[in-house]
Amino acid sequence: MPESPSADVRMLAPAQVAEVLGISVDEVIALVHERRLRGARVGAPARWRVEEQSVAEYLDDQAEEARRIALWHQSQEASFPELWGTGFVRNPD
């Protein structure tokens, strides 16, 4: 009998996710409501659980966003001669 796709899904408590991300539990729940993290209420009484893989994907997305912002800031500081390869370069490496 084949395993279900959810058999290898690891679920974390919001407090664990909060510790990894360095934010509050309320912020973790807000990220779940915003669908930036995948989570569900499970058990009786119902408690929030967040997919571990979605936390990794969220961190990757945050790193990519930071990289793009840094590149944008870097492009805003470049002069036209630096971009075109002629003239004076303000900050040579």
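Structural notes, computed from the coordinates. Throughout, a residue's number is its position along its own chain's written sequence, starting from 1. Reporting of local features is limited, given that this is a predicted model, to residues whose pLDDT is at least 70; pairs of side-chain atoms are given and counted only at 80 or more, and all residues count toward the totals for whole chains, interfaces and linings. Only hydrogens and water are removed before side-chain values are computed, so all heavy atoms of the structure are retained for them.

## Some points on the nonpolar core
This is how the line gets drawn: By convention a nonpolar core is built from buried Ala, Val, Leu, Ile, Met, Phe, Trp, Tyr and Cys residues, the set being connected through side-chain atoms within 4.5 Å. A 1.4 Å probe rolled over the protein chains alone gives each residue an accessible area, and that area as a share of the maximum for its type sets the label: buried under 20%, exposed over 50%, partly exposed in between. The helix and strand labels rest on DSSP assignments: H or I over at least four residues marks a helix, E over at least two residues marks a strand, and numbering proceeds from the N terminus. By definition, residues are in contact when any of their heavy atoms lie within 4.5 Å.
In this structure, Val17, Leu21, Val28, Leu37, Val50 and Val55 are the most contacted members of the largest nonpolar core, which totals 13 residues. Considering each element in turn, this core owes the most residues, four residues, to helix α2 (residues 25-33). The residues contacting Leu21, other than those within four sequence positions of it, are Leu31, Leu37, Val55, Tyr58 and Leu59.

## Concerning α2
For clarity, the threshold we go by: The directions from the helix axis to the C-beta atoms are what the arc is built from.
Every buried residue of α2 is listed here: Val28, Ile29, Leu31 and Val32. All buried residues of α2 fall inside an arc of 155° around its axis, so they share one side. Opposite its buried face, α2 presents the exposed residues Asp26 and His33, each directed more than 90 degrees away. In the stretch just after α2, Arg35 is the one whose phi turns positive, near 65°.

## A few points about the side chain of Ser54
As for its position among the elements, Ser54 is in helix α3 (residues 52-77). With residues near it in sequence (within four places) discarded, Ser54 still touches Leu37 and Arg38.

## Focus on the pairing of strand β2 (residues 39-42)
This is how the line gets drawn: When DSSP finds at least two bridges between two strands, those strands are taken to pair.
Pairing geometry for β2 and strand β3 (residues 47-51), over four bridges, is antiparallel. Bridge assignment links Val42 to a residue of β3, and that residue is Arg47.

## Quick word on the sheet that holds β3
The test is simple: Only the stretch in contact is used when a helix axis is fitted, and all axes are lines through C-alpha atoms; the angle between N-to-C directions ranges over 0 to 180 degrees.
Spatially, three strands are ordered β1-β3-β2 in an open sheet, and the strand pairing comes out antiparallel. Each of the sheet's edge strands pairs with one partner strand only, and the pair in question is β1 (11-12) and β2. Here two bridges tie β1 to β3, and the two strands are oriented antiparallel to one another. Within β3, the residue paired with Met11 across the bridge is Glu51. Most of the contacts of α2 go to β3, to which it runs at about 70°, and overall it touches β2 and β3.

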